[in-house]
Amino acid sequence: MSFRAVTSQSRAQPTIEGAGVHLHRVFGFGDTSASDPFLLLDDFRNDDPAAYARGFPWHPHRGIETITYVLDGTVEHSDSLGNRGLLGAGSVQWMTAGSGILHQEMPRGSSTGRMHGFQLWANLPSSLKMTAPRYQDITGGDIPEITDDDGTQVRIITGKFWGKRGPVDGIAAEPLYLDVTVPAGLRKTLPVDTRANAFAYVFAGAGDFRDAAAPVGVRVEKEFQGRELAVRDMSGNRTLVRFGGGDEVTVQAGPEGVRFLLVAGRPLKEPVAWHGPIVMNTRAELETAMRELRDGSFIKGTA
């Protein structure tokens, strides 16, 4: 067994997307080599409906898959093929955009106004860029959840883990996507495909990953006795941890425990030509997609 060392740590950055949705971008629109086959991860967590209610109106996708994981609140979605649905708390939608789709996503908060979820973009290999679009909508009750003897809880969204397999299937990158909660003070080792790129995204509590300082030592401004001070925020909130090679990830949970997404996928190692929600292999393919958007031939068929 070989433990994965931490190669980098970073903090999710606030940004605005769609029609004015305030979210935090974990990574995206940069060098894709470290996260290949994953392109982008957004954390759309907010307690103020005014910061997300305008949602993500009609927009195109081609050449990628989008994975929406909702923890609180709901997301209404509809598309150009006539599909409509509602993602509730705990549910997942894995959308394969393939040859092209127009869709919209409208967040709706919980009874207290809280909206919490993540959207991950996964690249498609060149052989599947123009495949027919499809959806996999998975309710929270259909996602396997395992509680280990030491209290560690793992929700398996996709991939095989601890003898169980997640409900999302037929994914090009053969990814592992887990929601992991480790109890306070516990040190836990988790297996990861040695051929895959892997990262963790901490969104509750705090934890130290093997061979790294606390993944949450980010300088932030806090008020103390009327003054703004630069301090180290050890909450673990919104911290991305990238790993090097190996087949195990180890985390030491802090005094409040730690909860994080653990995501791994085998890299495609293909060229990336990227323009917003359209990701192809060449500039010529991008130009074709943009021309088809303009002339109305973008949508190729039914799901």
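It should be noted that the structure appears before, not after, this text.
Residues numbered from 1 in each chain as written. Predicted model: local features only at pLDDT ≥ 70, side-chain atom pairs only at ≥ 80, totals over all residues. Heavy atoms only, no water.

Asks: Looking at this model, I keep getting lost on the pattern of salt bridges. Mind explaining?
Replies: Note that side chains of opposite charge can pair when their charged atoms are close. Per the stated rule, a full pass over the model turns up 15 salt bridges. A salt bridge links Asp47 to Arg114; the nearest nitrogen and oxygen atoms lie 3.4 Å apart. With Asp47 in the loop between β4 (38–43) and β5 (56–61) and Arg114 in the loop between β10 (101–108) and β11 (116–123), the pair connects residues that are 67 residues apart, well separated along the chain. Of the residues examined, Asp47 reaches a relative accessible area of 54% and is grouped as exposed. Salt-bridge contacts for Arg114 lead to Asp72; the nearest nitrogen and oxygen are separated by 3.5 Å. Taken together, the residues Arg114 in the loop between β10 and β11 and Asp72 in strand β6 (residues 64–72) connect sequence positions 42 residues apart. With a relative accessible area of 29%, Arg114 lands in the partly exposed category. Through salt bridges with shared partners, a single ionic network connects Glu17, Arg25 and Asp42. (Salt bridge = Lys/Arg side-chain N within 4 Å of Asp/Glu carboxyl O. Helix = DSSP H or I, 4+ residues; strand = E, 2+ residues; numbered from the N terminus. Buried < 20%, exposed > 50% of the residue type's maximum accessible area, 1.4 Å probe, protein only.)

Asks: How should I be thinking about the packing of aromatic side chains in this particular structure?
Replies: Two aromatic rings are characterised by how far apart their centres lie and by the angle between their planes. This structure, assessed with the given rule, holds 12 aromatic pairs. One residue, Arg242, lies across the ring of Phe27, its end atom 5.0 Å from the ring centre. (Phe/Tyr/Trp six-rings, centres within 6.5 Å; stacked < 30°, edge-to-face > 60°. Lys NZ or Arg CZ within 6 Å of the ring centre and 35° of its normal.)

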